[in-house]
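Tertiary structure, described
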Amino acid sequence: MDRHQALRSLQNQPRLPLAFLPTPLLHPPHLQEALGPSAPHVLLKLDEWTGFALGGNKVRKLEFLLGDAPGRVDTLITCGGVQSNHCRVTAGAAAWLGMDCVLVVNGPLPDPPSGNSLLMRLFGAELRSVPSREDRAPAMEEEAERLRRQGKRPMVIPLGASTPQGALGYVLAAVELDEQMRARGGRPPGRTWIFVASSSCGTLAGLALGMTLLGRQDVRLVGVSPDISAQVMLADTVEIARGAAALLGWPGDLLPDLLHPEDRFVGAGYGIPTPESEEAARFFGRHAGVVLDPVYTAKAAAALLAWIREGRIPGQDTVVFWHTGGTPGLFR
Ligand SMILES: Cc1ncc(COP(=O)(O)O)c(C=O)c1O
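Residues numbered from 1 in each chain as written. Predicted model: local features only at pLDDT ≥ 70, side-chain atom pairs only at ≥ 80, totals over all residues. Heavy atoms only, no water.

**Quick word on the domain arrangement of the protein**
Assigned domains within the protein: domain 1 (3-56 + 164-331) and domain 2 (58-161). One C-alpha centre belongs to domain 1, the other to domain 2, and the line joining them spans 25 Å. Facing 36 residues of domain 1, the contacting portion of domain 2 comprises 28 residues. The tally of links between domain 1 and domain 2 comes to four salt bridges. When the shortest N-O distance is used, the salt bridge between glutamate 176 and arginine 60 registers 2.8 Å. Counting across the interface, domain 1 meets domain 2 through 13 residue pairs in polar contact (both at pLDDT 80 or more). Breaking the side of domain 1 that touches domain 2 down by element, the ones donating at least two residues are helix H7 (164-183) and helix H8 (202-213). Ranked by residues supplied to the side of domain 1 that touches domain 2, first place goes to H7 with eight residues. Its residues placed into classes, the side of domain 1 that touches domain 2 shows 18 nonpolar, 13 polar and five charged. (Domains from an automatic or database assignment. Contact = heavy atoms within 4.5 Å. Salt bridge = Lys/Arg side-chain N within 4 Å of Asp/Glu carboxyl O. Polar contact = N/O pair within 3.5 Å; in protein donor to acceptor, adjacent residues only side chain to side chain. Helix = DSSP H or I, 4+ residues; strand = E, 2+ residues; numbered from the N terminus. Nonpolar A, V, L, I, M, F, W, Y, C, P; charged D, E, K, R; others polar.)

Next comes the structure, spelled out in structure tokens:
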């Protein structure tokens, strides 16, 4: 099986249409101006507008992860933080499919409910709070067991839907971006640097496999961490990408020099803004009317601004800021 056949075999994977695709690829003229004359060409890929249940990157992953769930499953179980975007979209998908949803979240639930936590309730999910991140996986198994004993057919969705199957959503997204860039007048002359927030790494893994199967040797993927180390990001991404490649029957490795994990912008920790992320949110807001969330996209944008200002990206190159959503996190 060659890489073209592998890409074509994506069409045979079970898929539940949830997202509004393609998402827009826009050039923000005044943000470009604000970056100065020597900055690379900047494009925004707006996956905050995948639409379903207020959008974001999880919608693309759940399309594949839930591809064969209808008729086989009656309850979705997943986990995350109390303001998890993934939990919000999973609860929305369960509601759309007429299923029940149990969410295992770590940390105290906000009272009154706000942001994603409010939306999870509106979508009718049952919430179970556990003390720490480590308690989530065993609690999901307990919930699944409890439901099976009641004769139900639960499906446990791992953190962030970042399984090989979920990552297929971002293999397809890579193809989508490639087509959009070609429609804008062909591949740009220099390299294309894609900045994307990366935590459970399914998004980055899917993009990496997609760009590899497309043969995009000009692409550099900068995964920006809101919590994990660069080493963990690299290891997790390669593992998920390998699993996704196996689903498509493709035995090869990722392109060399494709992955550039960046963990300098975490600051004091997950969900805690930094001066750089706050500046990035103001910059994108003021110069493009684009809303960044404080947990993921503002930190990814902080990295993008720093890399451009540090002169790490030549002026003839192109930068794509992949907006992964998370807007409800602003209203927590
Ligand atoms: C808004 C947003 N951006 C980025 C990410 C990271 O994506 P991934 O978990 O696929 O690495 C997430 C989820 O964790 C998210 O909710």
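Still to come is the rest of the account.
**Quick look at the pattern of salt bridges**
Taken as a whole, this structure holds 20 salt bridges when the rule is applied. Glutamate 279 is paired through a salt bridge with arginine 309; the nearest N and O atoms lie 3.0 Å apart. Within this pair, whereas glutamate 279 is found in helix H10 (residues 275-288), its partner arginine 309 is found in helix H11 (residues 297-309), the two being separated by 30 residues in sequence. The exposure class of glutamate 279 is partly exposed, given its relative accessible area of 27%. A cluster of three or more residues bridged by salt bridges with shared partners is formed by Glu126, Arg128, Glu142, Glu143 and Arg146. (Buried < 20%, exposed > 50% of the residue type's maximum accessible area, 1.4 Å probe, protein only.)

**Some points on the sheet that holds strand E7 (residues 192-197)**
To summarise the sheet geometry, strands pair through backbone hydrogen bonds and adopt either a parallel or an antiparallel arrangement. Strands sit in the order E1-E2-E10-E7-E8-E9 across an open sheet of six strands; the sheet is mixed. Two strands bound the open sheet, and with one partner strand each, they are strand E1 (25-26) and strand E9 (259-262). (Pairing = 2+ DSSP bridges.)

**Overview of a nonpolar patch on the surface**
A cluster of nonpolar residues, Val291, Leu330 and Phe331, forms a patch on the protein surface that exposes about 280 Å² of accessible area. Relative to the elements of secondary structure, phenylalanine 331 occurs in the segment after strand E10 (318-323). (Patch = residues over 30% accessible without salt bridge, like charges linked within 9 Å, V, L, I, M, F, W, Y side chains within 5 Å. Areas by Shrake-Rupley, 256 points an atom, 1.4 Å probe, with all protein chains shown as cover.)

**Considerations on the packing of helix H3 (residues 58-65) against H7**
With their axes 6 Å apart at the nearest point, H3 and H7 run at an angle of 120° to one another. Judged by the inter-axis angle, H3 sits oblique to H7. The handedness of the crossing between H3 and H7 is right-handed. Across the interface between the two elements, Arg60, Lys61, Phe64 and Leu65 of H3 pack against Gln165, Gly166, Leu168, Gly169, Tyr170, Leu172, Ala173 and Glu176 of H7. In terms of residue class, the contact of H3 with H7 is built from six nonpolar, three polar and three charged. (Axes fitted to C-alpha atoms, helices over the stretch in contact; angles between N-to-C directions. Parallel < 35°, antiparallel > 145°, perpendicular 65-115°, else oblique. Left-handed = near helix turned anticlockwise from the far one by under 90°.)

**Quick word on the layout of surface pockets**
Estimated volume of the largest pocket: approximately 740 Å³. In terms of lining, the largest pocket is formed by 41 residues, of which the most central are Leu159, Ser199, Ser200, Tyr270 and Tyr296. Secondary structure elements with two or more residues in the lining of the largest pocket: H3, strand E3 (75-81), helix H4 (85-97), H8 and helix H9 (230-247). Shared between two domains, the lining of the largest pocket takes at least three residues from each, and those domains are domain 1 (3-56 + 164-331) and domain 2 (58-161). Considered as a void within the structure, the second largest pocket measures approximately 150 Å³ in volume. (1 Å grid on protein atoms, 1.4 Å probe; cavity = no way out; pocket = protein on both sides within 12 Å on 5 of 7 lines; lining within 4 Å. Points joined across faces, edges and corners; volume = space filled by probe spheres on them.)

**Quick word on the packing of aromatic side chains**
The description of two aromatic rings rests on the distance between their centres and on the angle between their planes. Under the definition given, this model contains six aromatic pairs. Seen in terms of ring centroids, tryptophan 193 and tryptophan 307 are 5.9 Å apart; in terms of plane orientation they differ by 65°. Their pairing is edge-to-face. In this pair, tryptophan 193 is assigned in strand E7 and tryptophan 307 in helix H11, connecting sequence segments 114 residues apart. Tryptophan 193 gets classed as buried once you look at its relative accessible area, which sits at 8%. With 5.5 Å between their ring centres and 85° between their planes, phenylalanine 195 and tryptophan 307 make a pair best called edge-to-face. (Phe/Tyr/Trp six-rings, centres within 6.5 Å; stacked < 30°, edge-to-face > 60°.)

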